[in-house]
Structure formats: C-alpha cells, structure tokens
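So the chains spell out like this:
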Amino acid sequence: MGDLKRTHTCGELNEKDVGSTVVLMGWVQTTRDHGGLIFIDLRDREGITQVVFNPEIHEESHKKAHLLRSEYVVAVKGKVRKRPEGMANPNIVTGEIEVVADDLRILNSAKTPPFVIEDHAQISENIRFRYRYLDLRRPSMIHNLTIRHLAAKCVRDFLSEQGFIEVETPFLTKSTPEGARDYLVPSRLNPGKFYALPQSPQLFKQILMVAGLDRYYQIVKCFRDEDLRADRQPEFTQIDMEMSFIKEEDLFKVVEGLMVTLLKRLLGVEINTPFKRLTYQESMDRFGTDKPDLRFHMELKDVSPLFRESAFKVFEHAIKKGGVVKAINVKGGAGTSRREIDELTQSAGQYGAQGLAWIRVLDGRFQSPIAKFLSDSEVIGLKGMLNIEEGDLILLVADQPNVVHQALGQLRLIMGRRLNMIKEDTFDFVWITNFPLLEYDELEGRYVAVHHPFTAPMEEDLEILKTQPEKVRARSYDLVLNGVEIGGGSIRNYRNDVQSMMFDALNIKQDEARDRFGFLLEALEFGAPPHGGIAFGFDRLLAVILKEESIREVMAFPKTQKAVCLLTHAPSVADKRQLDELSLKIKTIKSESEKG
RNA sequence: GGGGUCGUAGUUCAGCUCGGUUUAGAACGCCGGCCUGUCACGCCGGAGGGCGCGGGUUCAAAUCCCGUCGACCCCGCCA
C-alpha cells in the first residue's frame, strides 16, 4: 500500500465528489481493455466503482493496468470525474461518476477463481462451500450477512430497552437425555466422562430466573446431533429469552414488539399486532399442520358425516375404523393433469396415505374415478361443504386423523404454491397455542414431552394428568411465520410438586430425575419465581426475511447434509496422542481407500 | 435407517432412452493479439475434459448392468 490510505469505499462516490482526489482499495471485478483506454470495475463490500486508465493522463498506471486480472487486490488513486454525456451506468449507485487513475498499486495477485464472483452465477453448493471465502464475496451473500448482523443488533437494542440482560451460558455442559441427540466432548481431566454441547440453554435460563435475573436473553449457538435439512444445521443460532412473573400474554406482547421492530428496521415493512392465534387443535383441523402458512386461504374440511354409510367403501371403512375423510378444494385446479395427480398421490403416500381421491369439476360435472360411487346426496353435500364451483379440483384423503392431516396439509402447500395462491410479499405471523403436553412414544413405550419436560400443564387439566395424560394441554406456544416455525416456548413449572407430577407422567423415577436434572429441581426449592420464555431459530427467521430456501444462505460457514464442513474438512480423524490423552479408543475406522 | 434427484472442460449444462460419424459439444470463464467510452464491451485466434470412483456385459461403453463415494430434496429423527 505504501503511503496510500483508503479515503472512500467503492459504494459511496457520486456527483458531489467530482473533482476530489480519492484512494480506493478493493478487488478487480472485471477489466475492459480498449487498447487505449482500460476500464476496471473495482469492488469492495460496499459496491462497485469504475476506474479508467488513460495513457494520456498517466502512462505508467495504464501500462500496469494491463497486468490486472479478476480478483487482484489493488489500490487506486485518482480524480473523481463525472462520466461523459450518455455514459452513465444506471445499474450501479456510483454509475454517474468514474475515477481517473493516476496511481495503481497491485497489492496482491489472485489465481483465476473457480467461479465468477457474481450474484447470478448458479454454482453448485459443494463448489461454493469449498471456496466459501470467494462465495461470500458475492454481493447477495454480503447482504445476507449484513442483514444478519443488523438483526442481531436490533434484537440486542430492543431487548435491552425492554430490561433484558444478555447472559452467556456454558457450552461445555451436561448431557440431557430428553430431546435431541447430544454432541459429546470428552473430558481429559476426567477420563471416561463427557461434556455435552447444549441443545439449548434451557436449564441455565431457568436457573437464571431463580437467581432473580428477571429478564434474560442470549443470542447463542445450539447443537443437535440429528439429520440435516434445508432448515436444520448441527449448530445453529437461537434468540433465547426468559422472563419472570409473567403469563403468556406478557411474553406475546414483548415478542410481537420485537418482530415489529425487526421487520420495520430491516425491511421497512409495517406489520399489524396483535398476531393471529390458533390453538394446536384448530390449526391441525383446518390446515393439517401446527405451522400453517396463512398467506392463502385453502382449508381442510371434514366431510366424514357424508360418508358414514356410503357406496364408496374406502371412505366408509376408514370412518368405521376411527378415521376421518377430509378434503381440500383447490380453487381453479381442475387443469391439473392425471400425471400431476399421480405425483400428488405419491406425495400423500409419503405420509402414509393409502390413496388420494380426486374430483375435477369441469363442464358442470364431476370428473373423477369415484364419481360413480357418489350418491346424489353425497354430491350435494360435498358441493355445499366445499363451496364447489366450475374449474375446482377436490382432493380427499380418508385415514386416521394424523395421516389425513399430514397428507392434506402437504397437498395444500404444494397446490397453493403451484397455483401461485401465496401472497409472496406478506409476513403472516400466527401464534399456535395449547399444544398437548405429552404424546405417547411407541418406541420408548412411554409418554414423552411434546415441548420439553419443564413445560407447565394448563392448570384446569392438572387433574387428568394421571388418568388421561394425552388430553392434557400445555402452556406452550409456537410462533409461525409464513408456514415456518420460527420459535417456540412455554410457561415453566416453577413449583417442585408440579414438576414431580410431570416426571411421574413421563415415567422418570425420582432418583433418575435427581441424577439428570437435580440441580434444577433443587433450585426450584429455593424460591423460584413463576417464569416462562421462548427461543427463536435465528437462522430460520433470517431465511424467511431474506426469502431464502435454506438457512445455509444466511450462515457464513454451513455444513453439508452429512455434517461436513467442505472448507475445513471437519470432522477429521484425531491422532493417537490426542485420543490417548482423552482415554479414548476407536473401535472401527473406515480406511481412506474405502472412502474413495 | 428409507425414498427421490444429480455427478461430463475452471463453471453451468447438452449428449445417455435406442451403445458405433464423438477425434465428447455449447455457453461463460481462461490465455494470446487488435481496438480511446466500455460496463454481459467487441473482433480474431487458442488452450483445456475422456465423462465421480471400481467392477462387469460387449467386437465396441459417457451411454447398458452391479457396487461404491459425494452433493441436494424429503420421510423417519429433530423444535
């Protein structure tokens, strides 16, 4: 760099700077060599500025500019000039001006990059992740990371104003067998013992409430050793909150304020409060899911009453076996081809549906394989319940309720997307409340917590906790945005006796509970205040805000579906000395040749 | 653990059904030359892969078969 000092970024010069001498530093985006004149687009985090090398103005710089290649790092000194008439570039913010170089320093050369550093380039993820430092140079990635930073700052500012204190909690902590699989960390000083990386700071934040912190939050990494998805990474970030002396309404109000502030500040979007609310039951009944996308109005209708006795035996039998028949009316969907319907049937089959009944409403009649089984009263009934009109497509599934809900819930989404029913530019929040407290786990042969074991039951349901555990509703809630579950939480058990009842219901013995969560139970005995909280998937929230399909697009260094980091090649084998120090022995290792 | 899509120049993709005129193509990128108003610069010329890997069938395999590795999507799992 020599004596040069950067005076501006590549995104800020405009007509007001014409005439001033500036120094820019950045990467060479492109070069356009006209033999005489050479233009380069100089790029940094803030934008692109065109630099001109003119042999008549500065011969040496012009000569040196011939050496420039993509992604070279350079410093340029020169005078800002308004571009000649008609030569402005309206596509970039600095397009009215250019910098006429009278000094060029090549700060570093660069190998030819494996892909062009551009937003439009469609590059496969394995190449992008291997060269993530190049991928992150793309303006859209810098934008995503910048928004992420602003979001985190906004959360901190807002919650701090609301009296929340950010407290860090340990990463090297204790394994909690309930919930997801833990990442384990061997302890050198305690051979044979392991820390677990936290799935969430759940227990610590409750302890902080007992400690009287009153309002806690943390933007914190969490770790779960489960299979990955577009919206699931082994390490991800939560906005974690907990409040004392509150009920659901108090928390909703704070969270809604936070979301309003975030969308306002990040996107300039105004959203209305209070957010909609649905009980878990209502959401399942009407949308087939506990994370409904309410940006379009297609609902599941229970048409079972029409088919209790029917010539269509598939429906009749399903109902007799305790199942239901439900339908969605895909408005204007009658154009769906047989082949597409076959694909829909396959989608429904993923969730266990044995089949998919369908009716295309064309030329005033039902085109359907089941039409011949339907009585006049059944046809009239369907028309009334589903508001059937010309051009509609009716999809029906008969099975146990959970199968019907999952299958139709999925079909609702597929058809809503396919027929462009979704209002893309809206942010539709909904609270889902009154989740069941427990569900029966066939594999474990016992009830397990739907949320987690510290969730408080609704007081009026306490009396049936022993007799009808599956009927007990929890004081838990999820926040859903555009069909994505972005957060969930609950009011906690703060009384030791209620928590003990919960462990009983979960079939966790007293001494076992002591062993696993003893420190929390003990803490509850020392004057725990009523408290509750919520945690948001920060990555998911950002993905929705930035309209990204995958949370990998809002994380700097994500992992692949096999939880591998293509940049660093983690995880990798540990050498023998490390293992010895940790008193560990590896049973089997795949040889390098086997790995291909 | 299971279902699906994909893997061919640096990159994105075509070719693969139905093996043989393919010496495996295109675009972008790259290299060289020319060009004083370009900004997807233009024009001329050039280099670059043997088709993820292993095996099989065949006179002949990028094309067919088997296995395997990897990336992605989904179910299970996971809030």
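Residues numbered from 1 in each chain as written. Chains lettered and ligands numbered in written order. Predicted model: local features only at pLDDT ≥ 70, side-chain atom pairs only at ≥ 80, totals over all residues. Heavy atoms only, no water.

1. Looking at the protein's contact with RNA strand B
Here comes step 1: Neighbouring residues of RNA strand B: 50 residues in total, closest Asp33, Glu56, Arg81, Met87 and Glu98.
Here comes step 2: Here a base nitrogen of RNA strand B sits 2.6 Å away from a polar atom, N or O, in the side chain of aspartate 227.
Here comes step 3: Here a phosphate oxygen of RNA strand B and a backbone polar atom of glutamine 561 are 2.7 Å apart.
Here comes step 4: Those elements that provide at least two residues to the surface near RNA strand B are β1 (21-33), β2 (38-44), α2 (125-130) and α16 (592-595).
Here comes step 5: Across the surface near RNA strand B, the residue classes break down as 11 nonpolar, 17 polar and 22 charged. (Near = heavy atom within 4 Å. Polar contact = N/O pair within 3.5 Å; in protein donor to acceptor, adjacent residues only side chain to side chain. Helix = DSSP H or I, 4+ residues; strand = E, 2+ residues; numbered from the N terminus. Nonpolar A, V, L, I, M, F, W, Y, C, P; charged D, E, K, R; others polar.)

2. Quick word on the environment of valine 472
Here comes step 1: Along the chain, valine 472 turns up in the loop between β19 (446-449) and β20 (476-481).
Here comes step 2: Note on valine 472: relative accessible area 0%, which makes it buried.
Here comes step 3: In the structure, valine 472 is positioned 12 residues away from glutamate 460 in sequence and 8.9 Å away in space, judged by C-alpha atoms. (Buried < 20%, exposed > 50% of the residue type's maximum accessible area, 1.4 Å probe, protein only.)

3. Brief notes about the sheet that holds strand β6 (residues 165-166)
Here comes step 1: Read across the open sheet, the eight strands follow the order β6-β9-β10-β22-β21-β20-β17-β11; overall the sheet is mixed. Pairing within the sheet leaves two strands with one partner each, and these edge strands are β6 and β11 (276-279).
Here comes step 2: Together, β9 (215-223), β10 (235-244) and β22 (531-537) form the strand contacts of helix α5 (residues 202-210), whose direction differs from that of β10 by roughly 25°. (Pairing = 2+ DSSP bridges. Contact = heavy atoms within 4.5 Å. Axes fitted to C-alpha atoms, helices over the stretch in contact; angles between N-to-C directions.)

4. Quick notes on the packing of α5 against helix α13 (residues 510-524)
Here comes step 1: Their axes nearest at 10 Å, the elements α5 and α13 cross at an angle of 20°. It follows that α5 is roughly parallel to α13 by the angle criterion. The crossing of α5 and α13 is left-handed. Touching Leu203, Gln206, Ile207 and Val210 of α5 are Phe517, Phe519, Leu520 and Ala523, all from α13. (Parallel < 35°, antiparallel > 145°, perpendicular 65-115°, else oblique. Left-handed = near helix turned anticlockwise from the far one by under 90°.)

5. Details of helix α12 (residues 496-505)
Here comes step 1: Along α12, the residues classified as buried are Val498, Gln499, Ser500, Met502, Phe503 and Ala505.
Here comes step 2: Here the buried face of α12 lies against β18 (438-441), β19 and α13.
Here comes step 3: One or two steps after α12, the chain reaches asparagine 507, where phi turns positive at roughly 60°.

6. Describing the packing of helix α9 (residues 338-349) against helix α11 (residues 401-418)
Here comes step 1: With their axes 9 Å apart at the nearest point, α9 and α11 run at an angle of 140° to one another. Classified by the angle between their axes, α9 and α11 sit oblique to one another. In the crossing of α9 with α11, the sense of the turn from one axis to the other is right-handed. Of α11, the residues touching α9 (which contributes Glu340, Glu343, Leu344, Ser347 and Ala348) are Ala407, Leu411, Ile414, Met415 and Arg418.

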